[in-house]
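For reference, the chains in residue letters:
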Amino acid sequence: MSGEARRSADGGRRTGRKTGAARRAGSGRRPSTVDRRPPTPADRAPAWQITLSVNGDPYRVSVRPNRTLLDVLREELGLTGTKRGCDQGECGACTVHLDGRTVNACLVLAIDADGSEVTTIEGLARRGELHPLQRAFVEEGAIQCGYCTPGMILQAAALLRQNPSPTSAQIRTGMAGNLCRCTGYAKIVKAIGKAAEVMKGQRKGRAS
Amino acid sequence: MSGHRIVGTKVPKLDAWDKATGAARYGHDVSLPGMLHGKILRSPHPHARIKRIDVRRAEALPGVHCVLTADRVRVGKLGFLGDHPVLKGDKVRCVRDEVAAVAATSEAAAEEACALIRVEYEPLPAVFDPLEAMQPEAPRIHENAPDNLVPHRYEFRHGDAERAIAGSAHVVQGTYRTQFMTHCCLEPCFALAAFDPAGRLTMTSSTQVPYLMQSHLSRALGIHGKDVRVLQPTIGGAFGSKLDTHPYEVLAALLARHSGRPVRILYTREEEFVCAPTRQPMIIRMATGCDREGRLTGRVCEAILDNGAYTSWGATTPHIMLVGISSLYKLEHVSFRATCVYTNNPWSGAFRGYGNPQGTFANEQQMDELARKAGIDPVEFRIRNANDPNSTTPQGFRVTTCALKECLDTAATRVGWREPKRPNEGVGIAGMFHVGGGGRVYKSDACGVIAKLDDFAHLTLLTGATEIGTGSDTAMAMLAAEELGLPLGNVSVINNDTDAAPWDVGIHASRTTFIAGNATLGAVREIRRKLLPWAAKELGCSEDAVELHDGSAWRRDDPARSAPIEKLVRTAHFREQGEMFVGQCFYDPPNQFQDPKMRGNVSATYSFAAHAVRVRVDPETGKVKILKFVAAHDIGKVINRLGLEGQIEGAIAQGIGYALTEQLRIDGGRVGNASFLDYKMLNAADLPEDVEIHFIESADPAGPYGAKGVSEAGLIPTAAAIGNAIRDATGVRLHRLPMSPESVLAAIRAGEQEALDSELEVTGPLTRSGT
Ligand code: FES
Ligand code: FES
């Protein structure tokens, strides 16, 4: 019940076209090891060729139809910065940008991402210069174990793109789909607020 | 103490940059060439005899390298009492029991092979309620425990508590029940095992106890400890869940041994919910009395713990549960008994706070109720009974520094204790007492550090002390940098390899900053001693006249004269009969392993705190909204303000979840809410905006620069403080966690009846025969 409430507080990001398709295809959820269901033949299905642009680099990958974007990023491309926390669209650890929108990479079928542009945590720093969000997360102590951090930062980047000066209540609502077990979120909220200020300053600097 | 350049400031964690850029390598990110993927087949029954296992179809599946069952391997047992078989052969005792394990070339193939294994079970009667499990006719879970009692007793008596309570002016008694809570580490469990051709095992693991794990694995696998190397990658959360060595870790090693290939096991989130250990539910019966002036007279407590099917280290939680019950306030007469009961529920383990959150939920609500009965303000009542510095408690704890009164005062003042409240608003407060100078729950409480200073003035700390996200590495680096006058950027910590780093007993009991911090100081002070003569010679002064800061040695009487530390090191290296700058320390704190009567100064110092909270309870829905949360902590000394705040903030969030929403729903031994959708861990929007944290620096003489341990403290009093605020807002008291809207509403509807019922639950005095 409360879980549902949390879901809708998430700015509707999980209802996107790709995530819906992934849900129906039943690929986001791995087969259960506890309550056993019959195996699916999907892993023996023929592979497809897809192209992806990830952090500006072009890739051609061959994937089976049941593989998710998260599988491809982590296992085929070696981009392990994107984390797998649940594989079920419930924790936000796998948040990436897909054609400019945030998605849970664990819910996107890789073949549905064919031809897309993807940004992951590895693509956020420019020429060795940390993104203001990365810097703020570091400086404000918003990172403990750090497993939620990449997803948090990408979600926050999307949030700030939509709303460059969010109130802390808006930050809290906008980040409600990303779970963190360590920090209690206070420093994450503060870091996002600080990065928003920095980014506003940068825009002004560029404009003048 | 003032004048520190680094200690007491706000410093980002050493690993924050790697974590913010995705460069940090966690267990799930590590793979090896030729690696196979392991999967575990688990019992669907909470209690059953295994009649037959047929693995032929699984073995025939392409890609499958190895299928293991109990009759195919020789493997030792795990757990605190060694009652836990790694693979279950004759019978299963809970639904997560490991029946078979498969290694295959892909996760999907391993998964599919597990599904092809046929296991014939004969279901047995099962028992899920510890009280029922204690009945003579209950099903027997372990052959050698006919009464289903874990054969390890916890009893403590000091004075005559029953008589003291009988002679009290006011007495409160009640029964409190706490729930299954699970750690929800964001990174699911993993294990990666590889044998080299000579038979030496390298286990990559997120364990909290790498050196104990060596011996656990050596015993389970029947190999010598020297042939076990443990590597720890970046760890994605632990909170006590990795204090045990788990069957899946041994299974990864067995699969690797039998397949001749490295094997990695990754848990799914569902497995994490079902198969990771939980905070043990407790039934706590407690009575506390006070005299007319509001001075505590005595306390009797009996606790029954749901141990689940096997005994992990979590079964020793009564030791730490008792510290709060016996020693938060001055008490002359205490009697305590805890019984761990086997059930067919998933087994419980260690979790941040280690029994103290459960105990404090009971005793701090009783303090509140007793204050009301005595007609004394609850804050004043607590201050009247608060421990004093330099006192000894009934268990023989030597309280040295103690700022409990200041904590209570600060928390109450800041929450607006006496300010007017709107309708349905209430305020509540709760104190806490916890180990703050290590906790000797093993025979050792030690940590080793080797420090080495190179000829570019880079300092490396080699230590077994594990970093699980708390920032302990950073605290150690800060202490070392302060002591040697180096910039923080000159210090790195290597603590991920049992082959390289010296021994540590593990990360638990909020011990690492205190213990590893003291070990760090010991090691770098040795370097300092070696360095000073070189500096004095270079500066042409006595050693006493040398100061180290900003990367150089300075002449105190002539600030114009200085020499870079790196130059001093090079001077010592590049000469005949040179010297190297290495220091070492094995710090074992002056605390004691408790005797069988639960006496002994278990920690070198103790931490105190008070949490105060203002809530609004919706009388229509029962929903509790936290309007303001104030935490005041006696932390001895701030080392890294940023890390310290983070520890308290994170613990408060877990404590609020424990109080209000989190509950693993286990019905008939099966977990009914094995996902984040159904297990309500709090998100950013759920948590209160207005959280204040205050630090009281009591400057502990035993702590590194005066610091005490703190990482668990923020969770411990939270549920009780919220319970007390709910009582203030609604007039009803809840005796059960979590205090969900449904239960708050039911309590409001039942009105005072609830309070009466719970008093009735305690039939007769809480005496020794009362269970
Ligand atoms: S891993 Fe994708 S949302 Fe959790
Ligand atoms: S920092 Fe550990 S989950 Fe967020």
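Criteria and cut-off values
- Residues numbered from 1 in each chain as written.
- Chains lettered and ligands numbered in written order.
- Predicted model: local features only at pLDDT ≥ 70, side-chain atom pairs only at ≥ 80, totals over all residues.
- Heavy atoms only, no water.
- Helix = DSSP H or I, 4+ residues; strand = E, 2+ residues; numbered from the N terminus.
- Rg over C-alpha atoms; globule rule 2.2 N^0.38 Å.
- Buried < 20%, exposed > 50% of the residue type's maximum accessible area, 1.4 Å probe, protein only.
- Contact = heavy atoms within 4.5 Å.
- Areas by Shrake-Rupley, 256 points an atom, 1.4 Å probe, with all protein chains shown as cover.
- Lys, Arg positive; Asp, Glu negative; His and termini not counted.
- Charge placed at Lys NZ, Arg CZ, Asp CG, Glu CD.
- Salt bridge = Lys/Arg side-chain N within 4 Å of Asp/Glu carboxyl O.
- Domains from an automatic or database assignment.
- Buried area = accessible area lost by both parts, 1.4 Å probe.
- Polar contact = N/O pair within 3.5 Å; in protein donor to acceptor, adjacent residues only side chain to side chain.
- Nonpolar A, V, L, I, M, F, W, Y, C, P; charged D, E, K, R; others polar.
- Core = buried A, V, L, I, M, F, W, Y, C linked by side-chain atoms within 4.5 Å.
- Phe/Tyr/Trp six-rings, centres within 6.5 Å; stacked < 30°, edge-to-face > 60°.
- Pairing = 2+ DSSP bridges.
- Axes fitted to C-alpha atoms, helices over the stretch in contact; angles between N-to-C directions.

A. Representation of the overall build of chain B. From N to C terminus, chain B includes 19 helices and 35 strands. Expected size for 771 residues packed as a compact globule is a radius of gyration near 28 Å; at 27 Å, chain B falls within 12% of this value. Overall, the C-alpha framework of chain B stretches about 85 × 75 × 45 Å when taken along its three principal axes. Per-residue burial for chain B yields a buried fraction of 67% across its 771 residues. Considering only contacts in chain B between residues 6 or more positions apart, those separated by 24 or more positions represent 80%. A total of about 25,600 Å² of accessible surface is found on chain B, and carbon and sulfur atoms cover 50% of it. With 85 positive and 91 negative side-chain charges, chain B shows a separation of 2 Å between the mean positions of the two kinds.

B. Main features of the side chain of Arg96 of chain B. All names here are of chain B. Within the fold, Arg96 resides in the loop between strand 6 (91–92) and strand 7 (98–104). Despite its burial, Arg96 pairs with no opposite charge, the nearest such side chain being Asp97 at 6.4 Å. Non-local contacts of Arg96, meaning those with residues more than four positions away in its chain, are made with Arg42, Ser43, Val274, Cys275, Ala276, Pro277, Pro346, Trp347 and Ser348.

C. Representation of the environment of Ile494 of chain B. Residues and elements named next belong to chain B. Looking at the element boundaries, Ile494 is found in strand 26 (residues 491–494). A C-alpha to C-alpha distance of 9.5 Å links Ile494 and Thr466, two positions 28 residues apart in sequence. If we skip the residues at most four places from it in the chain, Ile494 touches Thr460, Leu461, Leu462, Thr463 and Ala501.

D. Structural view of the domain arrangement of chain A. Residues and elements named next belong to chain A. You can read the domains of chain A as domain 1 (2–123) and domain 2 (132–203). Contact with domain 1, which involves 21 residues of that partner, is made by 16 residues of domain 2. Roughly 1,500 Å² of surface becomes buried between domain 1 and domain 2 when both sides are summed, with 55% attributable to carbon and sulfur atoms. For the pair domain 1 and domain 2, the number of links is zero salt bridges. Our count for the contact surface shared by domain 1 and domain 2 stands at eight residue pairs in polar contact (both at pLDDT 80 or more). Per element, the largest residue contribution to the side of domain 1 that touches domain 2 is three residues, and it comes from strand 3 (residues 95–98). Residues belonging to the side of domain 1 that touches domain 2 are distributed by class as follows: five nonpolar, nine polar and seven charged.

E. Main features of the domain arrangement of chain B. Residue and element names in this part refer to chain B. Examined at the domain level, chain B breaks down into domain 1 (16–23 + 446–587), domain 2 (31–124 + 186–237 + 242–275) and domain 3 (154–181 + 278–439 + 594–758). Here domain 2 and domain 3 have C-alpha centroids that lie 37 Å from each other. Listed by partner, the interface residues are 26 residues for domain 2 and 29 residues for domain 3. Of the roughly 2,200 Å² buried between domain 2 and domain 3 on both sides combined, carbon and sulfur atoms contribute 64%. Per-residue buried area on domain 2 facing domain 3 is highest for Phe80, Arg96 and Phe273; these three make up 31% of the total on that side. The interface formed by domain 2 and domain 3 contains ten residue pairs in polar contact (both at pLDDT 80 or more). Where the side of domain 2 that touches domain 3 is concerned, the elements lending two or more residues are strand 5 (84–85) and helix 8 (269–275).

F. Structural detail: the interface of chain B and chain A. Each partner contributes residues to the interface: chain B has 65 residues there, and chain A has 59 residues. Interface area lost by chain B to chain A is led by Leu186, Leu677 and Ala684 of chain B, which between them contribute 13%. Counting the contacts that link chain B with chain A gives six salt bridges. A salt bridge links Glu689 of chain B to Arg172 of chain A; the shortest N-O distance between them is 2.9 Å. Between the two partners, chain B and chain A, sit 26 residue pairs in polar contact (both at pLDDT 80 or more). Elements with a contribution of two residues or more to the side of chain B that touches chain A: helix 1 (16–21), strand 1 (36–42), helix 3 (107–116), strand 11 (181–182), helix 8 and helix 16 (641–660) of chain B.

G. Representation of the nonpolar core. Of all hydrophobic cores here, the largest spans 205 residues; its most connected members are Phe137 and Ile192 of chain A together with Phe336, Ile722 and Met739 of chain B. With nine residues, helix 16 of chain B is the single largest residue contributor to this core. With residues up to four places along the chain from it excluded, the contact list for Ile722 of chain B reads Val613, Val624, Ile626, Ile656, Ala659, Leu660 and Met739 of chain B. One finds Leu459, Leu531, Leu532 and Tyr587 of chain B within the second-largest nonpolar core, a separate group that totals 54 residues.

H. Seen up close, the packing of aromatic side chains. Residue and element names in this part refer to chain B. Taken as a whole and assessed by the stated rule, the structure comprises 13 aromatic pairs over all chains. Ring geometry for Trp313 and Tyr442: centres 4.6 Å apart, planes at 55°, overall tilted. Linking Trp313 in the loop between strand 18 (296–308) and helix 9 (317–327) with Tyr442 in the loop between strand 23 (425–435) and strand 24 (447–453), this pair joins segments that are 129 residues apart in sequence. Owing to a relative accessible area of 15%, Trp313 belongs among the buried residues under this scheme. Between the aromatic rings of Trp503 and Phe586, the centroid separation amounts to 6.3 Å while the plane-to-plane angle is 45°, which identifies the pairing as tilted. A residue pair is termed long-range when its members are at least 10 positions apart, and Trp503 in the loop between strand 26 and helix 14 (512–539) and Phe586 in strand 30 (residues 581–587) qualify at 83 residues. The exposure class of Trp503 is partly exposed, given its relative accessible area of 30%. With relative accessibility at 52%, the residue Phe586 sits in the exposed group. Through pairs of rings, three or more aromatic residues link up here, namely Phe397, Phe433, Tyr606 and Phe608.

I. How the structure looks around the sheet that holds strand 30 of chain B. Residue and element names in this part refer to chain B. Reading across the sheet, the four strands line up as 26-25-24-30 and stay open at both edges, with mixed pairing between neighbours. Whereas interior strands pair on both sides, the edge strands pair on one side only; in this sheet they are strand 26 and strand 30. The sheet shows a mean angle of 15° between the axes of neighbouring strands, taken without regard to direction. Relative to the sheet, helix 13 (residues 472–484) contacts strand 24, strand 25 (459–463) and strand 26, its axis offset from that of strand 25 by approximately 135°.

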